Amino acid sequence: MDKSVQYAVVVLIVVLILAAVLTRDTGPRASATPDAPADVIAAGPEPGSGEAPATPEPGEASPAAPSDGEAESGQLPRFVEVGADSCVPCKMMQPILDELRTDYAGRLEIEFADVWKNSELGQRYNVQTIPTQVIYDASGREVFRHIGYWPREEIDAKLKELGIID
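Described in the following lines is the structure provided in the data block. None of these values were measured; they are calculated from a predicted model. (Residues numbered from 1 in each chain as written. Predicted model: local features only at pLDDT ≥ 70, side-chain atom pairs only at ≥ 80, totals over all residues. Heavy atoms only, no water.)

A few words now on the nonpolar core. Ranked by size, the top nonpolar core spans 15 residues in total, and within it Phe79, Leu100, Leu108, Ile135, Trp150, Ile155 and Leu159 carry the most contacts. Mapped by element, the contributors of at least two residues to this core are α3 (88–103) and α5 (152–161). At four residues, the largest contribution of residues to this core is made by α3. Counting residues in each nonpolar core, the second largest holds nine residues, with Val82, Val115, Leu121 and Val134 among its members. (Core = buried A, V, L, I, M, F, W, Y, C linked by side-chain atoms within 4.5 Å. Buried < 20%, exposed > 50% of the residue type's maximum accessible area, 1.4 Å probe, protein only. Helix = DSSP H or I, 4+ residues; strand = E, 2+ residues; numbered from the N terminus.)

Listed below in structure tokens is the structure:
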């Protein structure tokens, strides 16, 4: 066999092996915490949907990441965008956050947490991928979590579904 054909076969085999290794599914990524029970991961949304399971079991609520003060009665529901000023999808979300602040003033608190300026916020909100949006009810409990860019219409629909807005 000619030397160039031998080299071509070896290169082809290496490329096929690399392709197989790089494309294999290694399981859940940022949508689940490393120590999450398997049933929480399995019950999560379809991959690629942008929705991430909230930290607790479905139907349960987890305590909200604290804001500047502790949760008080009469507190507004909160919508927290965890991201960074330099992140492209996060920049795309900024006009939407501004609209939400205006449209839901007095009914929904809108916050932006920049994890590149303050890395502790990623741990505080249990976020591994940005942007991540976290919705808390008026009692300060997390009720929903989404990963990635989130169109305004879908945000409004989710807020209505959760009973946060009319």
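In the structure shown here, the tally under the stated rule is eight salt bridges. Ionic pairing is found between lysine 117 and aspartate 85, a salt bridge with its closest N-O pair at 2.6 Å. With a gap of 32 residues between them, lysine 117 in the loop between β4 (109–114) and α4 (120–124) and aspartate 85 in the loop between β3 (78–83) and α3 connect regions that are remote in the sequence. The class for aspartate 85 is partly exposed, based on a relative accessible area of 37%. Note that arginine 152 and aspartate 156 form a salt bridge whose closest N and O atoms lie 3.0 Å from each other. Of the two residues, arginine 152 and aspartate 156 are both situated in helix α5; the distance of four residues between them amounts to about one turn of the helix. By the burial criterion, arginine 152 is buried, and aspartate 156 matches it. Each of Glu99, Asp103, Arg152 and Asp156 takes part in one network of salt bridges that share partners. (Salt bridge = Lys/Arg side-chain N within 4 Å of Asp/Glu carboxyl O.)

Okay, α3 next. Its 16 residues place the ends of α3 24 Å apart at the C-alpha level, agreeing with the 22 Å of an ideal helix rising 1.5 Å per residue. At glutamine 94, α3 shows its largest bend, some 30°, and a proline, proline 95, comes one to four positions later. Here α3 has its buried residues at Cys90, Met93, Ile96, Leu97 and Leu100. Here the buried face of α3 lies against β3, β4, β5 (132–136) and α5. (Expected span 1.5 Å × (residues − 1). Bend = angle between axes of the 7 residues up to and from the residue. Contact = heavy atoms within 4.5 Å.)

Before going further, it helps to spend a moment on the pairing of β5. Where burial is concerned, most of β5 is hidden: five out of the five residues are buried. Side chains of β5 alternate between two faces, with Thr132, Val134 and Tyr136 and Gln133 and Ile135 buried alike. Sheet topology places β3 next to β5; five bridges connect them, and they run antiparallel. Bridge assignment links valine 80 to a residue of β5, and that residue is valine 134. (Pairing = 2+ DSSP bridges.)

Before going further, it helps to spend a moment on the packing of aromatic side chains. Counted according to the given criterion, the structure contains two aromatic pairs. One aromatic cluster is present, built from ring pairs that chain together Phe79, Phe144 and Trp150. Against the face of tyrosine 136 rests arginine 78, its NZ or CZ located 4.5 Å from the ring centre. (Phe/Tyr/Trp six-rings, centres within 6.5 Å; stacked < 30°, edge-to-face > 60°. Lys NZ or Arg CZ within 6 Å of the ring centre and 35° of its normal.)

The next point concerns α5. By the burial criterion, the buried members of α5 are Arg152, Ile155, Asp156, Lys158 and Leu159. Take α5 and look down its axis: the buried residues cluster within an arc of 165°, on one side only. Opposite the buried face of α5, at more than 90 degrees from it, the exposed residues are Glu153 and Glu161. Buried-residue contacts for α5 involve β3, α3, β5 and β6 (141–147). Glycine 163 occupies a position one or two residues after α5 and carries a positive phi of about 80°. (Arc of directions from axis to C-beta.)

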